[in-house]
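# A closer look at the structure
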Amino acid sequence: MEGTTSKLPHCTGVIERYRQYLPVGKSTPIVSLGEGNTPLVYCSHLSNQVGRSCEVFVKNEGTNPTGSFKDRGMTVAVSKAIERGARAIICASTGNTSASAAAYAARAGILCVVILPAGKIATGKLMQAFAYGAKIVAIHGNFDHALRIVRELGDREEFVIVNSINPDRIAGQKTAAFEIVDVLGDAPDFHLLPVGNAGNITAYWMGYREYRTHQESTRVPSMIGFQATGAAPIFHNRVIEKPETIASAIRIGNPASWKHACAAIAESRGAIDVVSDQQILEAQSWLAKHEGIFVEPASAAAITGLFKCCDSNEAAYSFQKIPEASRIVCTVTGHGLKDPDAIIQQMKELQPVDPTVKDVRRAIGL
Ligand code: F0G
């Protein structure tokens, strides 16, 4: 744990930075990997897509220690678990929560059990859970089944659940909203993000409201969430029994924070919308090639959503008449390296050539 053995400066995470807003006390042992403080990148090409002198920023959560936004919540959830004397944590996951839980449990020296839908976890994320030494159980079922089992085990056994149904997770994740306000000087006008189990939209909304209450900002943004077409329970207002999407992180049919997400959208005068798998893959590629930011497919849903708001008359929220110079933040939630399968297909086209300048020039197309 931080600062217990070394006098050298240690990495500062979200607990130390935002302690006054978090459920921690002086005696809470801090389990941190230096999460948070992620880049808020101004994106000129995305801004041009919106026009009307609007500014688009991407909050790149893929730069967190395990490559996703989950680390913000996990540092708080695991620190609180240790404070309460826990010896084991448990979670259901589409991949990122398990990677993060496994890392923070390893750091705290406790057991981490992860329940995963078999064959549905992106390669990089599953690799992370193995590398950090989690006890991994794959089930013949989807995320919603896994979460149901975790809830039961959490009630019956000595496990602390570290899914976002644990309020400590939401508390940690709200720090991303604080960081955005700290950098921009006020809240943005719009905040776009992917929605799966709906913990993150809940957390951002809580963070924005808290900062306004403490007069750190003068306003709150409209929250606009995006689900994949085949996994859009909130959009359709019904449980989806067999959710399907290439964006495996948000392949969820019965989100735990459904009601909170609806409240965030209604109170902020935002919207929930859907984006197709094809659009998600196109936006993933576009963002990497035009802004240099490589994200996993679920994260690209926020960028797809931005394009939809600009272009489509069918969008749940249209940017065609938004005020000039509006500020828009899109959260990209996880790193592209976690989910390489779609890109690996493209790599198969790479054919080696002979090691001569002539052949290399030809291969370049000169
Ligand atoms: N983006 C990524 C990369 C995610 O991993 C998740 C959720 C979301 C977006 C959606 O966030 O659930 O708070 O609405 N991943 C969870 C997991 C479910 O198990 O890793 P949410």
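Look up: the structure comes first, before these words.
Here is a short report on the structure shown in this document. Worth saying up front: this structure is predicted, and the values here are computed from it rather than measured.

Attention now moves to helix α13 (residues 297–311). Note on helix geometry: an α-helix contains 3.6 residues per turn, so any two residues three or four positions apart are oriented the same way. Over its 15 residues, α13 extends 20 Å from the first C-alpha to the last, a length consistent with the 21 Å expected when each residue adds 1.5 Å. The buried count for α13 comes to 14 of 15 residues, which makes it a mostly enclosed element.

With that out of the way, let us pick up empty space enclosed by the protein. On inspection of all chains with the given rule, the structure shows two cavities of 30 Å³ or more. Taken as a whole, the largest cavity encloses approximately 320 Å³ of empty space. Taken together, 26 residues make up the lining of the largest cavity; nearest its centre are Phe69, Lys70, Gly196, Asn197 and Ala249. Mapped onto the lining of the largest cavity, the elements with two or more residues apiece are α4 (96–108), α7 (167–173), α9 (199–213) and α13. Considering only residue class, the lining of the largest cavity consists of 10 nonpolar, 13 polar and three charged. Estimates place the volume of the second largest cavity at around 50 Å³. The residue inventory of the lining of the second largest cavity, partitioned by class, reads two nonpolar, three polar and two charged.

Core analysis: the largest hydrophobic core is formed by 36 residues, its most contacted members being Leu46, Val50, Leu192, Ile303, Leu306, Phe319 and Ile328. Where this core is concerned, the elements lending two or more residues are α2 (44–50), β2 (55–60), β7 (190–194), β8 (222–228), β9 (271–275), α12 (277–291), α13 and β10 (327–332). Among the elements that line this core, the one with the most residues is α13, at nine residues. In terms of nonpolar packing, the next biggest core, distinct from the first, is built from 33 residues, Phe57, Phe178, Leu184 and Ile265 among them.

Further remarks concern the environment of alanine 106. One can find alanine 106 in helix α4. In this structure, the C-alpha to C-alpha distance between alanine 106 and glycine 133, residues 27 residues apart in sequence, is 7.2 Å.

The six strands lie next to each other as β1-β2-β10-β7-β8-β9, forming an open sheet whose pairing is mixed. Here the strands that pair on one side only, and so sit at the sheet edges, are β1 (40–42) and β9. For this sheet, the mean angle separating the axes of adjacent strands, direction not counted, is 25 degrees. Across the sheet, helix α8 (residues 175–184) lies against β1, β2, β7 and β10, angled at about 135 degrees from β2, the strand it touches most.

This part takes up the site of the ligand. In the region of the ligand, 20 residues are neighbours, and Ser93, Asn197, Ala198, Asn200 and Thr333 sit closest. Measuring from a nitrogen atom of the ligand, one finds a side-chain N or O atom of lysine 70 at 2.9 Å. At 2.7 Å from an oxygen atom of the ligand is found a main-chain nitrogen or oxygen belonging to alanine 198. Here the ligand, which alone exposes 470 Å², has 99% of that area covered by the protein. Those elements that place two or more of their residues in the shell around the ligand are α4 and α9. Within the shell around the ligand, the residues separate by chemical class into eight nonpolar, 10 polar and two charged.

A word on the pairing of β8. With seven of its seven residues buried, β8 lies for the most part within the structure. Where β7 meets β8, five bridges bridge the pair, whose relative direction is parallel. Opposite histidine 191, over in β8, you have methionine 223 as the bridge partner. Viewed along the sheet, the connection from β7 through α9 into β8 turns out right-handed. As judged from the five bridges shared by β8 and β9, these two strands associate in the parallel manner. Counterpart to alanine 228 in the pairing with β9 is valine 275.

About the thresholds
Residues numbered from 1 in each chain as written. Predicted model: local features only at pLDDT ≥ 70, side-chain atom pairs only at ≥ 80, totals over all residues. Heavy atoms only, no water. Helix = DSSP H or I, 4+ residues; strand = E, 2+ residues; numbered from the N terminus. Expected span 1.5 Å × (residues − 1). Buried < 20%, exposed > 50% of the residue type's maximum accessible area, 1.4 Å probe, protein only. 1 Å grid on protein atoms, 1.4 Å probe; cavity = no way out; pocket = protein on both sides within 12 Å on 5 of 7 lines; lining within 4 Å. Points joined across faces, edges and corners; volume = space filled by probe spheres on them. Nonpolar A, V, L, I, M, F, W, Y, C, P; charged D, E, K, R; others polar. Core = buried A, V, L, I, M, F, W, Y, C linked by side-chain atoms within 4.5 Å. Pairing = 2+ DSSP bridges. Axes fitted to C-alpha atoms, helices over the stretch in contact; angles between N-to-C directions. Contact = heavy atoms within 4.5 Å. Near = heavy atom within 4 Å. Polar contact = N/O pair within 3.5 Å; in protein donor to acceptor, adjacent residues only side chain to side chain. Areas by Shrake-Rupley, 256 points an atom, 1.4 Å probe, with all protein chains shown as cover. Right-handed = clockwise from strand over helix to strand, strands pointing away.

These figures come from the coordinates and say nothing about function on their own.
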